[in-house]
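Structural characterization, general
Chain residues, written in single-letter form:
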Amino acid sequence: DGGITQSPKYLFRKEGQNVTLSCEQNLNHDAMYWYRQDPGQGLRLIYYSQIVNDFQKGDIAEGYSVSREKKESFPLTVTSAQKNPTAFYLCASRSSGAYYNQPQHFGDGTRLSIL
Amino acid sequence: AQSVTQLDSQVPVFEEAPVELRCNYSSSVSVYLFWYVQYPNQGLQLLLKYLSGSTLVKGINGFEAEFNKSQTSFHLRKPSVHISDTAEYFCAVTPYENTGGFKTIFGAGTRLFVKA
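Let me begin by describing the structure that accompanies this report. Given the structure is predicted, the values throughout are model-derived calculations rather than measurements.

What follows covers the overall build of chain B. Of the regular secondary structure elements, chain B holds zero helices and 12 strands. Beginning at the N terminus, the succession of helices and strands in chain B can be written as β-β-β-β-β-β-β-β-β-β-β-β. Against the globule reference of 13 Å for 116 residues, chain B gives a C-alpha radius of gyration of 14 Å, in line with a compact fold. The dimensions of chain B, computed from C-alpha atoms along their principal axes, are 45 × 30 × 20 Å. Excluding contacts between residues fewer than 6 apart, the proportion of contacts in chain B whose partners are at least 24 apart in sequence is 56%. Of the roughly 5400 Å² of accessible surface on chain B, 51% is carried by carbon and sulfur atoms.

As structure tokens, this is what we get:
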């Protein structure tokens, strides 16, 4: 079955450490997204990519970085510059056919905590 | 710019009772509308979507929603809820035009709690 795989499910970060969250999809979708979810705040967009080797900042990109070297993969790095990284991180993808009327498909998330 | 307001942060309801989760949106352009459900420690799943046509949309698990353009609302309803419907529900909009990668804007969510 096609879908989105996020790993790890739980991740702990030490002070001053960078950590990378993995997101892989086998849906053949061009567009991929990273969201941060905090209680009571819904989903906030961190970065998105519409095509390989291209990505754009979302609403809360500071302290995060991404790459899009392959269509299937869109890893997110939480850098030491992100002072409040504790959150639930969701990766999503969407087909490019009729971009704006297609729903997003989501992975099961990574919960990041500070040690 | 677009915004989505979910009018209730929490909705407690007894099993087999009807429920309505309210969603209002604001946008200067036409939008597509979605409802998603999130179970604990999982990602979001699509419940239903409104693209065009009939304003009453039926989704999975017995949910339906009605688009009201004049009131810019897209309320979600279910005539009889089950314990298994306990989850968080998100209303979302995507604008018709390419304003930055067809970004989807999500509401803050409504936590539905079904009591026995």
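This part takes up the environment of A:Leu112. All names here are of chain A. Mapped onto the elements, Leu112 comes out in strand β11 (residues 110–114). Judged by relative accessible area, Leu112 falls into the buried class, the value being 0%. Each C-alpha atom, one on Leu112 and one on Gly42, is 17 Å from the other, the two residues being 70 residues apart in sequence. Aside from chain neighbours lying at most four places away, what touches Leu112 is Leu11, Phe12, Arg13, Val19, Val78, Pro85, Thr86, Ala87 and Tyr89.

Conventions adopted
- Residues numbered from 1 in each chain as written.
- Chains lettered and ligands numbered in written order.
- Predicted model: local features only at pLDDT ≥ 70, side-chain atom pairs only at ≥ 80, totals over all residues.
- Heavy atoms only, no water.
- Helix = DSSP H or I, 4+ residues; strand = E, 2+ residues; numbered from the N terminus.
- Rg over C-alpha atoms; globule rule 2.2 N^0.38 Å.
- Contact = heavy atoms within 4.5 Å.
- Areas by Shrake-Rupley, 256 points an atom, 1.4 Å probe, with all protein chains shown as cover.
- Buried < 20%, exposed > 50% of the residue type's maximum accessible area, 1.4 Å probe, protein only.

Just distances and angles here, no functional claims.
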